[in-house]
Amino acid sequence: MKPVRLAIVGCGIAARDLHWPALKKLPRHFQVIALCSRTMESADALGELIGCRDRTTDYDALLRRDDIDAVDLVLPIPLNHDFTRKALTARKHVIVEKPLAASMKEARSLCRAAARAKGVVAMVAENFRYRPTLIRLKKMMESGIAGEIYGARFDVFISITPQTNKYLKTKWRLKHEYPAGFPVDGGIHNVNALRFLFGELKTVRSSAQQVNPTIGDVDTMHIDYRAEETGVPLQLNLFYSARGMREIRLLVFGTGATLEMRGNTITTFRDQKEPRVENVEDSGGYVEEFLAFHKAIRTGGTTETDFAEGTRDLRTILDAVNKAGLSP
Ligand code: NAP
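Criteria and cut-off values
- Residues numbered from 1 in each chain as written.
- Predicted model: local features only at pLDDT ≥ 70, side-chain atom pairs only at ≥ 80, totals over all residues.
- Heavy atoms only, no water.
- Helix = DSSP H or I, 4+ residues; strand = E, 2+ residues; numbered from the N terminus.
- Rg over C-alpha atoms; globule rule 2.2 N^0.38 Å.
- Buried < 20%, exposed > 50% of the residue type's maximum accessible area, 1.4 Å probe, protein only.
- Contact = heavy atoms within 4.5 Å.
- Lys, Arg positive; Asp, Glu negative; His and termini not counted.
- Charge placed at Lys NZ, Arg CZ, Asp CG, Glu CD.
- Pairing = 2+ DSSP bridges.
- Axes fitted to C-alpha atoms, helices over the stretch in contact; angles between N-to-C directions.
- Near = heavy atom within 4 Å.
- Polar contact = N/O pair within 3.5 Å; in protein donor to acceptor, adjacent residues only side chain to side chain.
- Areas by Shrake-Rupley, 256 points an atom, 1.4 Å probe, with all protein chains shown as cover.
- Parallel < 35°, antiparallel > 145°, perpendicular 65-115°, else oblique.
- Left-handed = near helix turned anticlockwise from the far one by under 90°.
- Nonpolar A, V, L, I, M, F, W, Y, C, P; charged D, E, K, R; others polar.
- pLDDT = per-residue confidence, 0-100.
- Arc of directions from axis to C-beta.

A.B. asks: Looking at this structure, how should I read the overall build of the protein chain?
C.D. replies: Looking only at helices and strands, the protein chain features 11 helices and 14 strands. For 328 residues, the compact-globule formula gives about 20 Å, and the C-alpha radius of gyration of the protein chain, at 20 Å, lands near that figure. With respect to the principal axes defined by its C-alpha atoms, the protein chain has extents near 60 × 45 × 40 Å. Sorting the 328 residues of the protein chain into buried and exposed places 55% on the buried side. Taking the contacts inside the protein chain whose residues are at least 6 apart along the sequence as the reference set, 70% of them involve residues at least 24 apart. Of note, the protein chain has its 48 positive side-chain charges centred 2 Å away from the centre of its 40 negative side-chain charges.

A.B. asks: Would you explain the environment of Ala227 in this entry?
C.D. replies: The residue Ala227 is located in strand 9 (residues 220-227) in this model. A sequence separation of 34 residues divides Ala227 from Met261, and the C-alpha atoms of the two residues are 19 Å apart. Each residue touching Ala227, except ones within four places of it in the same chain, is listed here: Phe198, Glu200, Leu201, Val232 and Leu234.

A.B. asks: Is there a simple way to think about the sheet that holds strand 11 (residues 241-254) in this case?
C.D. replies: Strands sit in the order 8-9-10-7-11-12-13-14 across an open sheet of eight strands; the sheet is mixed. A strand with exactly one partner marks an edge of an open sheet, and here the two such strands are strand 8 (201-209) and strand 14 (276-279). Recorded for the sheet is a direction-independent mean angle of 15 degrees between the axes of neighbouring strands. Across the sheet, helix 11 (residues 307-323) is in contact with strand 8, strand 9 and strand 10 (233-239); its angle to strand 8 comes to roughly 55 degrees.

A.B. asks: Explain the site of the ligand here, please?
C.D. replies: Around the ligand lies a shell of 26 residues, among which Ala14, Arg38, Thr39, Ser42 and Tyr286 are the nearest. In this structure, Ala14 approaches the ligand through a main-chain N or O atom, which is 2.7 Å from an oxygen atom. Here an oxygen atom of the ligand sits 2.5 Å away from a polar atom, N or O, in the side chain of Thr39. In isolation the ligand exposes 910 Å². Once the protein is present, 87% of that is buried. When contributions to the shell around the ligand are tallied by element, the ones reaching two or more residues are helix 1 (13-23) and helix 7 (171-174).

A.B. asks: What is the right way to look at the packing of helix 9 (residues 187-198) against helix 11 in this model?
C.D. replies: When two helices pack together, their arrangement is given by the angle between their axes and by how far apart the axes lie. Running from N to C, helix 9 and helix 11 point in directions that differ by 110 degrees, and their axes come no closer than 9 Å. Relative to helix 11, the element helix 9 lies roughly perpendicular. Crossing of helix 9 over helix 11 shows right-handed handedness. Packed against helix 9, whose contacting residues are Gly187, Ile188, Val191, Asn192 and Arg195, the element helix 11 presents Glu309, Arg312, Asp313, Leu314, Thr316 and Ile317 at the interface. Residue composition of the contact of helix 9 with helix 11, by class: four nonpolar, three polar and four charged.

A.B. asks: Help me out: how do you make sense of the confidence of the model for the protein chain in this one?
C.D. replies: Regions with low pLDDT carry predicted coordinates that are not meant to be interpreted in detail. A residue-level look at the protein chain finds 99% of positions with pLDDT of 70 or above and a mean pLDDT of 97. Mean pLDDT in the protein chain bottoms out at helix 7, which sits at 92, and peaks at strand 4 (residues 70-73), which reaches 99.

A.B. asks: Got a minute to help me understand helix 4 (residues 80-89) in this structure?
C.D. replies: Each α-helix turn comprises 3.6 residues. Residues three or four places apart therefore point the same way. Residues of helix 4 that are buried include every one of Asn80, His81, Thr84, Ala87 and Leu88, and no others. Here the buried residues of helix 4 occupy an arc of 135 degrees about the axis, which is enough to place them on one side. Those residues of helix 4 hidden inside the fold are in contact with helix 3 (59-63), strand 4, strand 5 (93-97), helix 5 (104-116), strand 6 (122-125) and helix 11. Phi for Arg91, located one or two positions after helix 4, is positive at around 60 degrees.

A.B. asks: Could you clarify how one ought to interpret the sheet that holds strand 2 (residues 30-36) in this entry?
C.D. replies: Pairing is parallel in the open sheet, where six strands are placed in the order 3-2-1-4-5-6. At either end of the open sheet lies a strand with only one pairing partner, and these are strand 3 (55-56) and strand 6. Pairing between strand 1 (residues 4-9) and strand 4: four bridges, direction parallel. Note that in strand 4 the partner of Ile8 across the bridge is Asp72. Helix 10 (residues 286-299) rests against strand 1, strand 2, strand 4, strand 5 and strand 6 of the sheet, and its axis sits at about 160 degrees to strand 5. Across the sheet, helix 11 is in contact with strand 5 and strand 6; its angle to strand 6 comes to roughly 40 degrees.

Next comes the structure, spelled out in structure tokens:
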């Protein structure tokens, strides 16, 4: 089977550090045949790295080409809507980075555009959904190993500074044209994970703070969700100015055991027993998300992160932003 002929659009950090390392492991599935960016400088830099000479700054011209089957949009969030709509109109399969859009209005508009473009795959690159560790955790929860699940808590305690975080170099994050800032850009991953494990979430209460004004409107949020189906309370703590910290962990509390996911490790804690540690092979879910994209293109199917799902993720985090008193 011939590989899908792909153009990467947006040759920045995520394209270089996340998408290309995954794509280069999948030469039978994808052939990167063109690169497009705002400036030739960044297109050239990625082109030199990956050995792709076909580079442009003209997205409209790229979409007119017959030798491109699909586009991989790795752009500043406010561009997702217009670039995705154009790709769907040109009948190119599209994988667009999370969040799907900068507002609910834009996300709904993209859902309608995807529905009109029958036969075209429209997918959000929400890598968390494909992370083997998260999938393993869900299986463990379903197996009953932890007993009845009665709560969960997802902590993201990190310190975002120019020295500790490469994403602060992107101006569009600092002057963000979408609500909140990092809690939407980053927190949408955690929301996706919680929705995957617990189903739809209702915001019970939420608060937001700006600890470091230089990294956005809001960098700290406490969110209390409740799983709509089971009523299980879920706490999400998004602290992006937690000085000196790098602690990201998800705790799932059951009547028989507590499960902890930290990086690629799941630890099962029980009373009077040594914790059981399981390491999962997991490089972030990026390879798996591209495999899902490829499969949907080749089978005429869909993916678990279609635009409706991306819209539900966005609604869930924006609902918390709204409840905190910030208008999304
Ligand atoms: P970035 O470094 O700023 O990259 C964005 C790229 O888009 C830049 O190279 C920029 O080109 C290009 N661009 C801007 N305007 C354009 C235009 N009009 N036409 C074509 N290209 C244009 O940002 P990033 O950190 O890579 O983030 C990109 C996306 O990836 C965001 O949606 C973010 O949410 C997502 N992301 C996802 C993850 C994940 O784990 N899933 C992690 C990080 C980021 P120039 O360089 O020429 O200005």
